[in-house]
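Report on the structure
Listed below are the residues making up each chain.
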Amino acid sequence: MEPSDDVAVPGQPMVLDCRVEGTPPVQITWRKNGVELPESTHSTLLANGSLMIRHFRLQRGGSPSDEGDYECVAQNRFGLVVSRKARIQAATMSDFHVHPQAAVGEEGGVARFQCQIHGLPKPLITWEKNRVPIDTDNERYTLLPKGVLQITGLRAEDSGIFHCVASNIASIRISHGARLTVSGSGSGAYKEPAILVGPENLTLTVHQTAVLECVATGNPRPIVSWSRLDGRPIGVEGIQVLGTGNLIISDVTVQHSGVYVCAANRPGTRVRRTAQGRLVVQAPAEFVQHPQSISRPAGTTAMFTCQAQGEPPPHVTWLKNGQVLGPGGHVRLKNNNSTLTISGIGPEDEAIYQCVAENSAGSSQASARLTVLWAEGLPGPPRNVRAVSVSSTEVRVSWSEPLANTREIIGYVLHIRKAADPPELEYQEAVSKSTFQHLVSDLEPSTAYSFYIKAYTPRGASSASVPTLASTLGEAPAPPPLSVRVLGSSSLQLLWEPWPRLAQHEGGFKLFYRPASKTAFTGPILLPGTVSSYNLSQLDPTAVYEVKLLAYNQHGDGNATVRFVSLRGASERTALSPPCDCRKDETTNQTSTTGIVIGIHIGVTCIIFCVLFLLFGQRGRVLLCKDVENQLSPPQGPRSQRDPGILALNGVRWGERGQLGRNEKRVDMKELEQLFPPAGAAGQPDPRPTQDAAAPASCEETQLSKLPLQGCGLMEGRTTEATAPCSGLA
């Protein structure tokens, strides 16, 4: 049993309950506001563990007050637990800060009186008329718990002087008198419905009672109704209407929170007036998952999970043997402190752990015990652990065997993690018992790592060695992937993936470009590692450009990614859809029904392109059928995924990273030969037989049954020696 919040009467005795079960002997002490409370003649510890305060005191002059937060602390040989905090306050009663006011009403009308007073516990409010308690059985008199008196259907005999009476265990207070005068009957004229008093904003705790007031007037008498602003039904359980329109919700829950709307309707019409108030229901913290006691071998990881709910959401803290436990070292907290992880546990971690959930509505606690299993005769921790960087991806770790109990060692386990990562992200590598060094590979460059070692026997693991740190060596960055988009006849857009880590290592990108016919590059253009694009403008529309992009850091420049781009015919390329690619199949001469059908479709496509060229006056295009090896721009995946504005002449796709070695140059020499034919090639006669060199006069003359099934491609304004128009179609 844990102590509960309570209100004490000054000068009177009070008892705080605390009953503990556990393996004896159990020692019980008390804390007040976090400080151990010494036993004295003023406060006594009872035999059952409860605390008795003989005369509850308020702070007056130099005497201390007994008000505060009290905790019961129980301890035995297994550990220590602390109870929830019990808030103890003194019973008080203030003066009225709102007295009832005189009122005048017509017969048949409505009168309302209100008084307000603060006290602990909450005062009980009653009313007197002419010093006589009001008859609560009179249906025309409505008394609301918040100190409101409503009188409906006023009569002449209701006239008199009214007093508000407040009482609790501390005192009794009587307000000033307020006179009610009831005049003759009203004129009976029509009056618009009006709400005199609407609902107030309320903040309550679950299981309390909500009183939402609504007083309406009008002639004829308006009908009062209630609804929720969010459209959800109010329900019927625990709901009642008090008087002529006051909404009472008993035993409120969190689901009752919301905005409530009071509406006063003129009978038989749609004329209405509304007022609204917000109800907020808080719930003290309670557990949906308690931590469980566990036993774990020394050197392993222990984990406790504790989940709590409440409104507002509770804050979770952890205690170890009654002391606040924070993250650090081998202790980690995650998931908003709902999970406690202790790695590499030892005898010093054996304790009672408590999860404390607290919010503005209250607190709760749950406890669990950690038992560390420790076998006798286990080896000590490995000694002299050292880590030395070998390369940008490798570290060599060496150690010496433990000093004692080494005969039963069956191997070692090396624990590895990035120094910046939490312990749960570490991984292990096993090493034979006769090996005292290990090369750790596949690490990241320029990164700090933590290493420690355990020796294992058939009965368990040793304690962990002292951790050691080592950082891998740095290296220059890899070539960045680069793609080029033609924006116009004289401008290009260069695209690549940003590398934010370059900024952490004093790095970025360097960009160079030049017309391929010149020897000097323009650049370097220095760009930060977070940039992913750059535009080149005012270029020569007739030139072929070479573009280079490389990444650099404090270790130097990486290898460059190279692109060759032609701007000739850029406007036509962006205006048309991606052309298909007619290629000759050199491995087979067999045709099939499927091949014929596909060939027909390709032939029709070629006819459409020819018509488009004639209609729009485009420059002559040559249908070029060639082998895959001689393509100017190989396909970059499915035709639906290719971008006609992207020119990548060396065959490396956008997003392709790390597929080329660091020392390989990303330039296809066949592409250069196609862009720049050997001297003397142009204008020389074709050595092939006449019938092979002759091309059909139009695409309609193609023998469709012999079309290869490789696709159809177009090349702008260039015919090389190795190919001829529509070759392979005959």
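Above this note sits the structure.
What counts and how
Residues numbered from 1 in each chain as written. Predicted model: local features only at pLDDT ≥ 70, side-chain atom pairs only at ≥ 80, totals over all residues. Heavy atoms only, no water. Pairing = 2+ DSSP bridges. Helix = DSSP H or I, 4+ residues; strand = E, 2+ residues; numbered from the N terminus. Axes fitted to C-alpha atoms, helices over the stretch in contact; angles between N-to-C directions. Patch = residues over 30% accessible without salt bridge, like charges linked within 9 Å, V, L, I, M, F, W, Y side chains within 5 Å. Areas by Shrake-Rupley, 256 points an atom, 1.4 Å probe, with all protein chains shown as cover. Salt bridge = Lys/Arg side-chain N within 4 Å of Asp/Glu carboxyl O. Buried < 20%, exposed > 50% of the residue type's maximum accessible area, 1.4 Å probe, protein only. Disulfide = S-S within 2.5 Å. Lys, Arg positive; Asp, Glu negative; His and termini not counted. Contact = heavy atoms within 4.5 Å. Phe/Tyr/Trp six-rings, centres within 6.5 Å; stacked < 30°, edge-to-face > 60°. Lys NZ or Arg CZ within 6 Å of the ring centre and 35° of its normal.

As for the sheet that holds strand β40 (residues 395-400)
An order of β39-β40-β43 is seen for the 3 strands of this open sheet, with the pairing classed as antiparallel. In the strand order of this sheet, the two ends are held by β39 (383-389) and β43 (437-440), each with one partner. Neighbour-to-neighbour, the strand axes of the sheet open up by a mean angle of 15°, direction not taken into account. Taken together, the 4 bridges between β40 and β43 define a ladder with antiparallel strand orientation. Among the inter-strand pairings, S398 is bridged to a residue of β43, identified as Q437.

Some words on a nonpolar patch on the surface
Together, I600, V604 and I608 make up a nonpolar patch on the protein surface, roughly 250 Å² of accessible area in all. The topology assignment puts I608 in helix α3 (residues 593-615). For I608, a relative accessible area of 47% puts it in the partly exposed group.

Brief notes about the pairing of strand β26 (residues 239-242)
As paired strands, β26 and strand β27 (residues 246-249) are joined by 4 bridges and run antiparallel to one another. Bridging across to β27, L242 finds its partner in N246. Between β26 and β27, which follow one another and run antiparallel, lie 3 residues, and G243 among them has a positive phi close to 75°.

Quick notes on the state of the cysteines
Inspection of every chain in the model, using the stated rule, returns 4 disulfides. Paired by a disulfide, C115 and C164 hold their sulfur atoms 1.9 Å apart. You can see C115 sitting in the loop between β12 (110-114) and β13 (119-120) and its partner C164 sitting in strand β18 (residues 160-167), a full 49 residues away along the chain. For C164, a relative accessible area of 0% translates into the label buried.

A look at the pattern of salt bridges
In the structure shown here, the tally under the stated rule is 15 salt bridges. Notably, a salt bridge pairs R84 with D5, separated by 3.6 Å at the nearest N-O pair. One end of the pair, R84, is in the loop between β8 (79-82) and β9 (86-90); the other, D5, is in the segment before β1 (6-8), and 79 residues separate them in sequence. What makes D5 partly exposed here is its relative accessible area of 47%. We note a salt bridge from E546 to R514, for which the minimum N-O separation is 2.9 Å. One end of the pair, E546, is in strand β52 (residues 544-553); the other, R514, is in strand β49 (residues 508-515), with 32 residues separating them in the sequence.

Comments concerning the sheet that holds strand β23 (residues 210-212)
Strand order in this open sheet of 3 strands is β23-β27-β26, and the pairing throughout is antiparallel. Taken across any chain shown, the strands that pair with only one partner, and hence form the sheet edges, are β23 and β26. Neighbour-to-neighbour, the strand axes of the sheet open up by a mean angle of 20°, direction not taken into account.

Quick word on the side chain of R31
Relative to the helices and strands, R31 is located in strand β3 (residues 27-32). Buried charge without a salt bridge: R31, with E71 as the nearest opposite-charge side chain at an N-O distance of 4.3 Å. Here R31 is in contact with E36, L37, D69, Y70, E71, V73, V82, G322 and Q323, once residues within four sequence places are set aside.

Points about the packing of aromatic side chains
Under the criterion given, the structure shown has 10 aromatic pairs. Members of the aromatic cluster, each reached through a chain of ring pairs, are F113, W127 and F162. Taking the ring centre of F512 as reference, the NZ or CZ of K548 above it sits at 5.4 Å.

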